Amino acid sequence: MSERIGLVTMFLLLGMVLPVAAEEAGKWPAWTNRHDERAKLPQPEGYPQGGQPDEVFRQASAAADYATRRKVFLDYCVNRPSRRAWGQMILAQRGLPVWEGSIYDNLRHIDGRSDCADFTMQSIMRLLYQFGDSGKFSDELLGHAKQTVLDFKYWPDEPGLDSMCYWSENHHILFSSAGYLAGQLYPEEVFTNSGYTGKEQMARHRRRVLRWLDLRFHTGFSEWLSNVYYDEDIAAVTNLVDFAEDEEIARKATMVLDLILTDIACNSFHGTFGSTHGRSYEGSKKSAGGEATQSVARLCLGVGQFRGTSMSAAAVALSPNYQPPAVLYAIANDPAAKGMLNRQRMGLKINEAERWGLGFDDVEDGMVWLSLEAYAHPKTLPLFVKMLDEFHWWDNKSFEGFKQQQTMIQAAQKIGGLSTLAKLYELDLTRNTREEVNIYTYRTPDYMLSTAQDYRAGYGGDQQSIWQATLGRDAVCFTTHPVPDAKATPDYWTGNGTLPRAAQLENVVIVVYDATEKPGLYVTKTGDFTHAWLPQNRFDEVVERDGWIFARRDDGYLALWASQPGRWQDEDRELVVDGRKTVWLCELGRRATDGKFSQFVQRIAKAPIDVADLQVTYQSPSQGRLDFGWTGPLKQNDEVVELHGHPRYDNPFVRADFPAEHVRFCHGDFGLTLDWETLERSIDE
């Protein structure tokens, strides 16, 4: 008993056991400031200054022809040149002067091994591969870029203390693809940090790259439908498409890139990637203008708007080998007059480790688990602590909470007590963990509704966005259980203190909150309320009647109801409902099927609703009687609606089993077939 009390005390003292974003580096080599002066080089004579308004580029960039969209995007980037290497490469591609000072600034960022240096490294790899012999960049710059590549740290088992994040799903492929391509580029060189030759670097990273690609094709993304991190994934994968000399890697990377764009095409509303997300942030959810995927969606799919020279859009636009299949444009722009239903399954279950060839002892498997951010899961915590030792991560600023209690953690590890305690606090300590998710997205010409069906209800949340209704670029609605005054996610609008239980049937979603009051070890205090983001000023008409909030944007309608009275704040954009136990209902409609907005309001307002002990019965005018609650199935007119076990893809245009081996696309005369076993990628256009 005394042993258990000691371990509990250890965890209570730990305070923050999950990682937070790190801004600073740990201990750096002496030469990390070597580019400070070169980064101050001025813009060259004739450097483009731009100035044309965005409207100049909008209409043509929606063309069905990819070559037209690509040209317009490159024109757009020239009109507002980016300081990053991505923008300078576009200038070079267009035969315009480049600003090498901005690229030296990028090299300085990499040399400092700052957080997200791996993002920047992807641009330097493309510069060296695609433009190294072009004469567009000086030999001096190329020499310094080469040295930066040779000096970099590509995996946490290499020497050096730093606070880079190597482990989330996007970082995993950013580091491993950069390490592979760097080794391929300089096969006989010795990499100064690791001591490996380029050939040895290639061999080390090849298996990591292939494992990542295999899991993405078979199971999708743990950072599902991320309107933030798909941007990084696309850049890393496109570099493999273009520069990997290994045919297996290049072909598999091409197919995974197809599927990332498929995810965006099937879960976007007129260019707004307003679906459920495995990772998203406040600004990215509230407005499409905050989505990092906007530019690549406009370029590849003809939807959305250009939003700067994003790394993903720049990589694809510069790519000599990749052109998005026309079927993806057709899917993204399909009028879906009767409503398009898309069901998807993504991710892994930790309890099914053996199915995916994973274990809980090897640090390479540990890196895969950390791509799900499974730091403190009962099954993975002992392996994670082993990684803290082997990778010297006790000194990584992301893991300061562990460092503070290192002695006690290691003592608990020796006596095998970590998993037991992790189980006791699992609801809080695994809030970052993103296991298998079943996605349900229903899209019409006037609205889209998307939900992670019955996903980890009662667990803490981090950056997951469970459901969202989208009627316009910023005419959106979603709910969260907030963490006020947070210094990291989850916070007031990003993630959830406690995840709800949500279920959607076409145009209706039921969201049930039973938010715990029990203090966690990571999140120690959460809000005594839930709230909805429903910005009245972004809708054409808002009506309150009989406990419902009704909103109209163009010909799309929204109805929102909560089981407790709400109050408006934040200039009538936030609806707050006090209490930790709340049922929210949202039903969408449109003029084409529901008549005038006033008729929609009248029918919904009269619909009977009964709530008892977090179990709700709602007589939906469009879906009939719906029964759902904190426990039990979703029922429609007494028939059970399955919320789990979705296929990999299931919609009118894309179908694949889970796990996927063969994916078939079809839209009119356009088609695409992806076969993972044979590496066949065939396009019908």
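See the structure printed just above.
A word on empty space enclosed by the protein
Then step 1. Applying the stated criterion to the full structure yields 6 cavities of 30 Å³ or more.
Then step 2. One number sums up the size of the largest cavity: a volume of about 70 Å³.
Then step 3. Lining the largest cavity are D54, F57, R58, S61, Y76, R298, G304, Q305 and F306.
Then step 4. Its residues assigned to classes, the lining of the largest cavity shows 3 nonpolar, 3 polar and 3 charged.

Quick look at the sheet that holds strand β15 (residues 609-612)
Then step 1. In space, the 5 strands of this open sheet follow the order β15-β16-β17-β18-β19, with antiparallel pairing throughout. In the strand order of this sheet, the two ends are held by β15 and β19 (639-641), each with one partner. Averaged over all pairs of adjacent strands, the angle between strand axes in this sheet comes to 20°, irrespective of strand direction.
Then step 2. Judged from the 4 bridges that link them, β15 and strand β16 (residues 615-620) form a sheet pairing that is antiparallel.

Quick word on the packing of helix α9 (residues 198-219) against helix α16 (residues 363-371)
Then step 1. Packing of α9 against α16 brings their axes to within 12 Å, and their N-to-C directions diverge by 40°. For the element pair α9 / α16, the angle class is oblique. Between α9 and α16 lies a crossing of right-handed hand. On α16, the residues touching R207, R208, R211 and L215 of α9 are E364, D365 and V368.
Then step 2. Its residues assigned to classes, the contact of α9 with α16 comprises 2 nonpolar, no polar and 5 charged.

Let's talk about the nonpolar core
Then step 1. Counting residues in each nonpolar core, the largest one holds 181 residues, and the members touching the most others are W393 and L560.
Then step 2. By residue number, the principal contributor to this core is helix α11 (residues 247-266), which donates 12 residues.
Then step 3. If near-sequence neighbours (up to four positions away) are discounted, L560 is found in contact with W467, C477, A532, L534, G547, W548, I549, L575, W584, L585 and C586.
Then step 4. Grouped together as the second largest cluster of nonpolar side chains are 27 residues, A503, F550, F597 and I604 included.

Observations regarding the environment of L142
Then step 1. Counting through the fold element by element, L142 comes out in helix α7 (residues 139-151).
Then step 2. We classify L142 as buried; its relative accessible area is 13%.
Then step 3. Dropping the residues within four chain positions of it, L142 is found in contact with L127, L128, G132 and F137.

Overview of the packing of helix α5 (residues 100-111) against α7
Then step 1. Their axes nearest at 10 Å, the elements α5 and α7 cross at an angle of 15°. Classed by the angle they form, the pair α5 and α7 counts as roughly parallel. Read as a crossing pair, α5 and α7 show a hand that is left-handed. Packed against α5, whose contacting residues are E100, I103, Y104, L107, I110 and D111, the element α7 presents E140, L141, H144, A145 and T148 at the interface.
Then step 2. The class makeup of the residues in the contact of α5 with α7 is 6 nonpolar, 2 polar and 3 charged.

Looking at unusual backbone geometry
Then step 1. Put simply, T489 and P490 share a cis peptide bond, and its omega is 0°.
Then step 2. Note that P490 resides in the loop between β5 (476-480) and β6 (501-505).
Then step 3. For the peptide bond that leads from F658 to P659, omega is -5°, which places it in the cis range.
Then step 4. Among the secondary structure elements, P659 is positioned in the loop between β21 (654-656) and β22 (662-667).
Then step 5. Even without a glycine there, the phi angle at C116 is positive, about 75°.
Then step 6. Assignment of secondary structure puts C116 in the loop between α5 and α6 (117-131).
Then step 7. Even without a glycine there, the phi angle at H392 is positive, about 60°.
Then step 8. Mapped onto the elements of the fold, H392 is located in the loop between α17 (381-390) and α18 (400-404).

Quick notes on the rules
Residues numbered from 1 in each chain as written. Predicted model: local features only at pLDDT ≥ 70, side-chain atom pairs only at ≥ 80, totals over all residues. Heavy atoms only, no water. 1 Å grid on protein atoms, 1.4 Å probe; cavity = no way out; pocket = protein on both sides within 12 Å on 5 of 7 lines; lining within 4 Å. Points joined across faces, edges and corners; volume = space filled by probe spheres on them. Nonpolar A, V, L, I, M, F, W, Y, C, P; charged D, E, K, R; others polar. Pairing = 2+ DSSP bridges. Helix = DSSP H or I, 4+ residues; strand = E, 2+ residues; numbered from the N terminus. Axes fitted to C-alpha atoms, helices over the stretch in contact; angles between N-to-C directions. Parallel < 35°, antiparallel > 145°, perpendicular 65-115°, else oblique. Left-handed = near helix turned anticlockwise from the far one by under 90°. Contact = heavy atoms within 4.5 Å. Core = buried A, V, L, I, M, F, W, Y, C linked by side-chain atoms within 4.5 Å. Buried < 20%, exposed > 50% of the residue type's maximum accessible area, 1.4 Å probe, protein only.

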